[in-house]
Amino acid sequence: MSGPLIVLVGPMGVGKSTVGELLAERLGTTYRDTDADVVAAAGKAIAEIFFDEGEEHFRELERRAVRDAVDQHTGVLALGGGAVLDAKTRALLAGRPVAYLAMDVEEAVRRVGLNTARPLLAVNPRRQWRELMDARRHLYEEVARTTVATDERTPEEVAQAVLDALELPEPAPVASGRENTPMTEQATTRIRIAGTAGTEPYEVLVGRQLLGELPNLIGDRAKRVAVLHPEALAGTGEAVREDLAAQGYEAIAIQLPNAEEAKTAEVAAYCWKALGQTGFTRSDVIVGVGGGATTDVAGFVAASWLRGVRWIAVPTTVLGMVDAAVGGKTGINTAEGKNLVGAFHPPAGVLCDLAALDSLPVHDYVSGLAEVIKAGFIADPVILGLVEADPQAARTPAGPHTAELIERSIRVKAEVVSGDLKESGPREVLNYGHTLGHAIEKNERYKWRHGAAVSVGMVFAAELGRLAGRLDDATADRHRAVLESVGLPLTYRGDQWPRLLENMKVDKKSRGDLLRFVVLDGIGRPAVLEGPDPAVLLAAYGEVSA
């Protein structure tokens, strides 16, 4: 019987991809994942397919992907967690070398963590997991030639167990660098933010399966925890609340509007009312789970309640991880401008769970890349090189450099804010591209994504630097090339300049009537340009006018 050399089945989060790649490496063959085939065919993430077209449509796409892969692929094949629900798929697998990778419920919750890419595991991970496994365990066992437990085993040990059980010839071992990394542990990077102006230092953790870190950050003194989350992450917010309640905290969930609609005085007042009604004290803790807007509001509510309570940021977007949740700037918008009301109130810790990015809509993911690319231009050119080497890979969380791009961007911000909490000096450089970007956002009533506006703002700043004689042509042109390569916009409506100019006059960086712009004297050499000639400003805007 022709077909795959090995087929891996098992629940979400069990490690089929990791083990599958190792098996392919050991056997000198190729690896294929039917979930990846579905995403490629649909042009969107699995969570989006579930949301937009429903589970039935996803299962039909999955059925076709499995049929094609079993017919065409001769290496190692991994199927999605629910593929075995289909009777035709089970019949197709009959007699084939199928290995069922198994794990227990506690292991499953640790591995899945905050992964919002799991659309069937969005509310109560433990209960949902048990229900899923009750429905699927016998189906996995039905199609499998062997069952391999993954609990407390390294990926290499699991791969070897599969080879042994299926009695495949054992090839010479190939060093993968993962032999001593348990399945339950993946590398977590800790980036320290130094305390300044009387604030405590804290850490930004970057990795996967970070939910278990929350109780350590909250501590024993807190009795109550408020989990603030956007409407779009209602399931995730409730899951975090339930986990904290299981740890003994009096945990409540406060749902916020999505995106910038959350950043209003009315929403902040709603949060204050909820805290007051639940008896929130100065020793209690706020947790913000969501994108940059959510963490901005969570931090502002924490800063203003009882003149300051501790809070923890759990950003779930690229923008939130590399920018909004790091540095302690919190705030809300007013009719007059963005972030004009706020406070500097650093969190007690930041958990950047990269698994949360797996289900992020592509436009939101790409929008966040604007802040990553900004970090490359103002401080770390390695970021630019990684993006330029493979722009398409940079556009997806599955890219090989995702973790490095996130970590490098956070380190850029960490270094700056550790020396300047309140934007009195060096921290101003983080606003590269933001003066015009914020004006565009306000002009669009915050319907434009932040990163899209900042992308145009960076091109404008590059042209302003070039026209002011500060920036060379090659670097200015590089802005356009890098931003365009990942799908970020370079232009805005030309007829809007008068309104944008008025918006920029109330920007936080302005001093009196003097407009101030962050420009570059070269890559990694940001500087401030004060009061540029209005004609130069207009000429620079002409370069980004559509």
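All residue numbers refer to positions counted from 1 along the written sequence of the respective chain. Residues qualify for local features only when their pLDDT is at least 70, as the model is predicted, and side-chain atom pairs are given and counted only at 80 or more; totals for whole chains, interfaces and linings, by contrast, use all residues. Computation of side-chain values: all heavy atoms of the structure, hydrogens and water removed.

**Student:** Can you walk me through the sheet that holds strand β6 (residues 189-193) in this structure?
**Tutor:** Ordered in space as β6-β7-β14-β11-β10-β8-β9, the seven strands form an open sheet in which the pairing is mixed. The open sheet has two free edges, formed respectively by β6 and β9 (250-256), since each of these has just one partner strand. Taking the axes of each pair of neighbouring strands and ignoring which way they run, one obtains an average angle of 15° across the sheet. Note on pairing: two strands pair once DSSP finds at least 2 bridges between them. Secondary structure follows DSSP: runs of H or I at least 4 residues long count as helices, runs of E at least 2 residues long count as strands, and numbering of each begins at the N terminus. Direction of pairing for strand β10 (residues 285-290) relative to strand β11 (residues 310-315): parallel, over a ladder of six bridges. Note that in β11 the partner of Gly 290 across the bridge is Pro 315. Across the sheet, helix α10 (residues 234-246) lies against β8 (224-230), β9 and β10, angled at about 170° from β8, the strand it touches most. Inter-axis angles, ranging from 0 to 180 degrees, are taken between N-to-C directions of lines fitted to C-alpha atoms, where helices are fitted over the stretch in contact. Only heavy atoms matter for contacts: two residues are in contact if any of them lie within 4.5 Å across the pair.

**Student:** What am I meant to see in the nonpolar core here?
**Tutor:** General note: in soluble globular proteins, nonpolar side chains tend to be found buried as a group. Residue types Ala, Val, Leu, Ile, Met, Phe, Trp, Tyr and Cys, when buried and joined through side-chain atoms within 4.5 Å, form a set referred to as a nonpolar core. Partly exposed residues are those whose accessible area sits between 20% and 50% of the maximum for their type, while under 20% is buried and over 50% is exposed, using a 1.4 Å probe and protein chains only. Ranked by internal contacts, the top residues of the largest apolar core, which has 94 residues, are Val 204, Ile 286, Ile 406, Ile 410, Tyr 432 and Phe 460. Beyond its immediate chain neighbours, meaning those up to four positions away, Val 204 contacts Thr 189, Arg 190, Ile 191, Ile 193, Val 326, Val 350, Cys 352 and Ile 410. Core analysis: the second largest hydrophobic core is formed by 20 residues, Met 103, Val 158, Ala 159 and Leu 163 among them.

**Student:** It is not clear to me how the pattern of salt bridges should be interpreted in this structure. Could you clarify?
**Tutor:** Two side chains that carry opposite charge are able to pair once their charged atoms sit near each other. Any carboxyl oxygen of Asp or Glu that lies within 4 Å of a side-chain nitrogen of Lys or Arg is treated as forming a salt bridge with it. Within this structure, the stated rule accounts for 37 salt bridges. Notably, a salt bridge pairs Arg 208 with Asp 358, separated by 3.1 Å at the nearest N-O pair. Residue Arg 208 is found in the loop between β7 (202-207) and α9 (214-218), and its partner Asp 358 is found in the loop between β14 (349-353) and α14 (362-378); the two are separated by 150 residues along the sequence. A relative accessible area of 26% places Arg 208 in the partly exposed class.

**Student:** Looking at this structure, I do not really get the pairing of strand β5 (residues 146-149). What am I missing?
**Tutor:** As a general feature of sheets, a regular strand has side chains that alternate between the two faces. Residues Thr 146 and Val 148 of β5 are buried on one face, while the alternating residues Thr 147 and Ala 149, pointing to the opposite face, are not. Pairing analysis gives four bridges linking strand β4 (residues 98-102) to β5, with the strands arranged parallel. Residue pairing in the sheet places Tyr 100 in a bridge with Thr 147 of β5.

**Student:** Looking at this model, I keep getting lost on the environment of Glu 444. Mind explaining?
**Tutor:** Considering the arrangement of structural elements, one finds Glu 444 in the loop between α18 (434-443) and α19 (450-467). Discounting residues that sit within four places of it in the chain, Glu 444 has contacts with Tyr 492 and Arg 493. Polar contacts, as used here, are pairs of N or O atoms within 3.5 Å; protein pairs need one atom able to donate a hydrogen and one able to accept it. Residues neighboring in sequence count only if both atoms are side-chain atoms. Separated by 2.9 Å, the side chains of Glu 444 and Arg 493 make a polar contact.

**Student:** In this structure, what is going on with the sheet that holds strand β3 (residues 76-78)? I would like to understand it.
**Tutor:** Sheet strands pair by backbone hydrogen bonding; their relative direction is either parallel or antiparallel. Strand order in the open sheet made by the five strands is β2-β3-β1-β4-β5, with parallel pairing throughout. Unpaired on one side and paired on the other, β2 (31-33) and β5 mark the two borders of the sheet. With strand direction ignored, the average angle separating the axes of adjacent strands in the sheet is 25°. The sheet contacts of helix α8 (residues 155-165) involve β1 (6-9), β4 and β5, and relative to β5 the element is tilted by about 160°.

Taken by themselves, the reported measurements are silent on function.
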